[in-house]
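Residues per chain are reported as follows:
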Amino acid sequence: MNASPKLLDGRWLAGVVEREIAQEVKSLAAKYGRAPGLGVILVGANPASQAYVGNKEKIAKRCGLNTFDFRFPEEASFEQVEAAVQAFNNDQKVDGILLQLPLPTQLASRQNVLLDAISPAKDADGLHPENQGLLMRGEGGLRSCTPLGAMKLIDLAYSSVEIGSEAVQFSQIGAADLSGKRAIVIGRSILVGKPLALLLLARNATVTMAHSKSPKLADLTAQADIVIAAVGRPGLVRGGWIKPGAVVIDVGINRTQDGKLTGDVAYDEAAPHCAAITPVPGGVGPMTVVMLVYNTLQAFRIRIKE
Ligand code: NAD
């Protein structure tokens, strides 16, 4: 038992990434006469989505990006949202496009048609089939923000930088080689679980994908050196499931009856068994947001062939 595991502070790491992005944006803007642009489409008044979009735009602006948005009422038509996607596709000032999910019920069944309409070169959320196909083939392309952020937190777990230090540069946290490590990804969505499993595979981890139909989840988890929980069930992963010394990344965001945010891992039980663990809130969430800005910068660089 390790009574004090490394706390993978996503707010701090997001700040490290943000500082680096801001520097790059400054020099690219000076060189090319414009900063990268993020275009956001928000449909409806889901309070969580409004908060996420507000936060994403705030961080993007803080990094020096230009932001543009289309905001539609709950009852917006498919054609209206599709036209917004096309407007951003054709807008030379926009490098990255985010269609905030979930969409209202009348659009939900055609969500993938709208995601497919986003130009793959501007797909800041990495959900276009072309980008997901490139990921599967182990080639370039834009990666989904949450899996990308989770991977950076795994890199942090295996790095020796001092978490919390103002002096740390993002480049000091190298890509961890996960050869010989067993990882379990619990959850198989296209947003989180599947791309994360492929990213871990690309780092040579031996990956198990588990989901709602997987038997013996506790036994599978107990074999893993890296545990990713991306389910949406508070406290699903119990402390006794964790192999001593494992790295635990809790992607889940759940709201308790008293309004608090909590993850999919029973944190207090699990932490003493871990070498490193993410808190909820303050772990994967802030990394997801900053990775959207990072992806927009990547898209800008690719478009201008920098
Ligand atoms: P989803 O509902 O699309 O997928 C959930 C997955 O969990 C499914 O693949 C399902 O098979 C699996 N599952 C359900 N019950 C299970 C069980 N009992 N045992 C094992 N697996 C089970 O959700 P998602 O979009 O992948 O999101 C997962 C969680 O991550 C949610 O809590 C969501 O809010 C959160 N999330 C967080 C961030 C972030 O930035 N931190 C980003 C995206 C999603």
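Visitor: In this structure, what is going on with empty space enclosed by the protein? I would like to understand it.
Guide: To find leftover empty space, a probe the size of one water molecule is rolled over the atoms. Counted under the stated rule, the structure contains one cavity of 30 Å³ or more. In this structure, the largest cavity encloses a volume near 30 Å³. Residue lining of the largest cavity: Gly126, Asn131, Gln132, Leu135, Leu142, Arg143, Ser144 and Pro195, and that is the complete set. Residues that form the lining of the largest cavity fall into these classes: three nonpolar, four polar and one charged.

Visitor: Any chance you could explain unusual backbone geometry here in plain terms?
Guide: The phi angle of most residues is negative, glycine excepted, and most peptide bonds adopt the trans form. In this model, Leu101 is joined to Pro102 through a cis peptide bond whose omega is 0 degrees. Considering the arrangement of structural elements, one finds Pro102 in the loop between strand 4 (96–99) and helix 4 (105–108). Following Val280, the chain continues to Pro281 via a peptide bond in cis, the omega torsion being 0 degrees. Looking at the secondary structure, you find Pro281 in the loop between strand 11 (274–277) and helix 11 (284–303). Although it is not a glycine, Asn204 adopts a positive phi angle of roughly 75 degrees. For Lys216, which is not a glycine, the phi torsion comes out positive at approximately 55 degrees. Counting through the fold element by element, Lys216 comes out in the loop between strand 6 (206–210) and helix 9 (217–222).

Visitor: What is the right way to look at the side chain of Asn295 in this model?
Guide: Its location among the elements puts Asn295 in helix 11. Reaching out from Asn295, the side chain makes a polar contact with the backbone oxygen of Ala124 at a distance of 2.8 Å. In this structure Asn295 touches Ala124, Leu142, Arg143, Cys145 and Leu148, once residues within four positions along its chain are discounted.

Criteria and cut-off values
Within every chain, residues take consecutive numbers counted from 1 along the sequence as written. Only residues with pLDDT of at least 70 get local features here, since the model is predicted, and only at 80 or more are side-chain atom pairs given and counted; chain-wide, interface and lining totals rely on the full set of residues. Working from all heavy atoms in the structure, the side-chain values ignore hydrogens and water. The way it works is a 1 Å grid over only the protein atoms, where trapped points that fit a 1.4 Å probe form a cavity and open points with protein on both sides within 12 Å along at least five of seven lines form a pocket, and then any residue with an atom within 4 Å of a point lines it. Grid points are joined across faces, edges and corners, and a volume is the space filled by probe spheres set on the points. Side-chain classes follow a simple rule in which Ala, Val, Leu, Ile, Met, Phe, Trp, Tyr, Cys and Pro form the nonpolar group, Asp, Glu, Lys and Arg form the charged group, and the remainder, Gly included, forms the polar group. Going along the chain from the N terminus, every DSSP run of H or I of four or more residues is numbered as a helix, and every run of E of two or more is numbered as a strand. For the purposes of these results, a polar contact is taken to be a pair of N or O atoms within 3.5 Å, where, inside protein, one atom must be able to donate a hydrogen and its partner to accept one; residues adjacent in sequence count only when each atom of the pair is a side-chain atom. Should any heavy atoms of two residues lie within 4.5 Å, those residues are considered in contact.

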